[in-house]
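Notes for the structure review
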Amino acid sequence: MIRGIHHVGVHVRDMDRMIRFYKDAFGFEVVGEPFAWKDFELIDQIIDVPGSAARGCMLRAGTCYLEMFRFEAPAPGVTTPLNPYDKGYTHFCVDVTDIEMEYARLKGLGMTFGHSHPLDAGHVKSIYGRDPEGNLIEIQETAANCDFRLDLLPPVKG
């Protein structure tokens, strides 16, 4: 039985800076102990990356987790952040209750946005922005008539 999304993974250049940013910006908290590996064949097999080396951590992110990595090997094949139209996972979305207030607060914490304000599509207000390393984050506030509000999800069963 699929219970839902467990985590979203993001590769960062400066892990300490990004942990602070995600804590200050979104209230995400590191859970458990940070982890690291090098010359660990089982991990190389799991992620299908021979010779990998990285450190990472899990952050509690409301109803799921954010897994943050800092790879030391191999070197990244892409060094620029992805855009919404690029192939692959391009962003995650944070649901908020007051998007205008969060927009201003997140901008003050170093997020950059392509528009001067969140945009209202009727069922949802939304805006995409970038964290201090350029990773794409969507901020949204759903309206009462939205079909995909978080409160419409069933409770997680143990």
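In this report, we go over the structure that sits alongside the text.

Conventions and cut-offs
Residues numbered from 1 in each chain as written. Predicted model: local features only at pLDDT ≥ 70, side-chain atom pairs only at ≥ 80, totals over all residues. Heavy atoms only, no water. Helix = DSSP H or I, 4+ residues; strand = E, 2+ residues; numbered from the N terminus. Buried < 20%, exposed > 50% of the residue type's maximum accessible area, 1.4 Å probe, protein only. Phe/Tyr/Trp six-rings, centres within 6.5 Å; stacked < 30°, edge-to-face > 60°. Contact = heavy atoms within 4.5 Å.

With that settled, consider unusual backbone geometry. Glycine aside, negative phi is the norm for most residues, and most peptide bonds take the trans geometry. Going from alanine 73 to proline 74, the amide bond is cis rather than trans, its omega being -10°. Residue placement: proline 74 occurs in the loop between β4 (64-73) and β5 (91-95). Located in the positive-phi region is aspartate 39, a residue other than glycine, with phi close to 55°. Structurally, aspartate 39 is set in the loop between β2 (29-38) and α2 (41-47). Residue classification places aspartate 39 among the exposed residues on the basis of a relative accessible area of 69%. With a phi close to 60°, aspartate 48 is a non-glycine residue in the positive phi region. Tracing the sequence through the fold places aspartate 48 in the loop between α2 and β3 (53-61).

All right, on to the packing of aromatic side chains then. Evaluation of the coordinates by the stated rule reveals 12 aromatic pairs. Residues tyrosine 22 and phenylalanine 28 carry aromatic rings whose centres are separated by 6.0 Å and whose planes lie at 20° to one another, so their mutual orientation is stacked. A residue is classified by how much of its surface remains accessible, and phenylalanine 28, at 7% relative accessible area, is buried. Both rings, one in phenylalanine 35 and one in phenylalanine 69, keep their centres 6.1 Å apart while their planes meet at 75°; by these two values the pair is edge-to-face. Taken together, the residues phenylalanine 35 in strand β2 and phenylalanine 69 in strand β4 connect sequence positions 34 residues apart. Assessed through its relative accessible area of 26%, phenylalanine 35 is described here as partly exposed. Within the aromatic cluster, the residues linked to one another by ring pairs are Phe21, Tyr22, Phe26, Phe28 and Phe92.

For isoleucine 47, the position within the fold is in helix α2. Contact partners of isoleucine 47, with chain neighbours within four places excluded, come to Trp37, Ser52 and Phe71.

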